[in-house]
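Summary of structural features
Listed below are the residues making up each chain.
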Amino acid sequence: MQHISVPDLPPELLGQIAERLSPTDLLRMSQTHQQMSNAITEIATLQARRERAAQAGRGEEAR
């Protein structure tokens, strides 16, 4: 059996893990490894964009 470390996981899988973490745990995870920090920054950026798009969509529906 081959062992794999968390930073070596595919970005999609890291994203799925990160989406389930609390903000505190997400911060702690990002501090463990530079690659993890980069991946989490990208994930957080995508999440923020999705939230803004959803809010904009709800705002247009209210009109």
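What this report covers is the structure whose coordinates are included nearby. Keep in mind it's a predicted model, so treat the numbers as computed, not measured. (Residues numbered from 1 in each chain as written. Predicted model: local features only at pLDDT ≥ 70, side-chain atom pairs only at ≥ 80, totals over all residues. Heavy atoms only, no water.)

Overview of the nonpolar core
Rules: Each nonpolar core is a collection of buried residues, namely Ala, Val, Leu, Ile, Met, Phe, Trp, Tyr and Cys, held together in the definition by side-chain atoms within 4.5 Å. For every residue, the accessible area obtained with a 1.4 Å probe (protein chains only) is divided by the maximum for its type, and the residue is called buried under 20%, exposed over 50%, and partly exposed between those limits. A run of DSSP states H or I qualifies as a helix once it reaches four residues; a run of E qualifies as a strand once it reaches two. Both are numbered from the N-terminal end. Contact between two residues is taken to exist if any of their heavy atoms lie within 4.5 Å; hydrogens are not considered.
Of all hydrophobic cores here, the largest spans 9 residues; its members are Leu-9, Leu-14, Ala-18, Leu-26, Met-29, Met-36, Ala-39, Ile-40 and Ile-43. Listed by contribution, the elements that provide at least two residues to this core are helix H1 (11-19), helix H2 (23-30) and helix H3 (34-61). With 4 residues, the single largest contributor to this core is H3. When residues no more than four places from it in sequence are discounted, the contact partners of Ala-18 are Leu-26 and Ile-43.

Quick look at the pattern of salt bridges
Where charged atoms from two side chains of opposite charge come close, those side chains can pair. The condition that has to hold: A pair is scored as a salt bridge if a Lys or Arg side-chain nitrogen falls within 4 Å of a carboxyl oxygen belonging to Asp or Glu.
Scanning the entire structure with this criterion turns up 2 salt bridges. For Glu-19, the salt bridge identified is with Arg-50, shortest N-O distance 3.3 Å. Residue Glu-19 is found in helix H1, and its partner Arg-50 is found in helix H3; the two are separated by 31 residues along the sequence. Glu-19 sits in the partly exposed class, given a relative accessible area of 41%. Between Asp-25 and Arg-28 there is a salt bridge, with its nearest N and O atoms 3.6 Å apart.

Remember that the coordinates give geometry; whether it matters functionally is a separate question.
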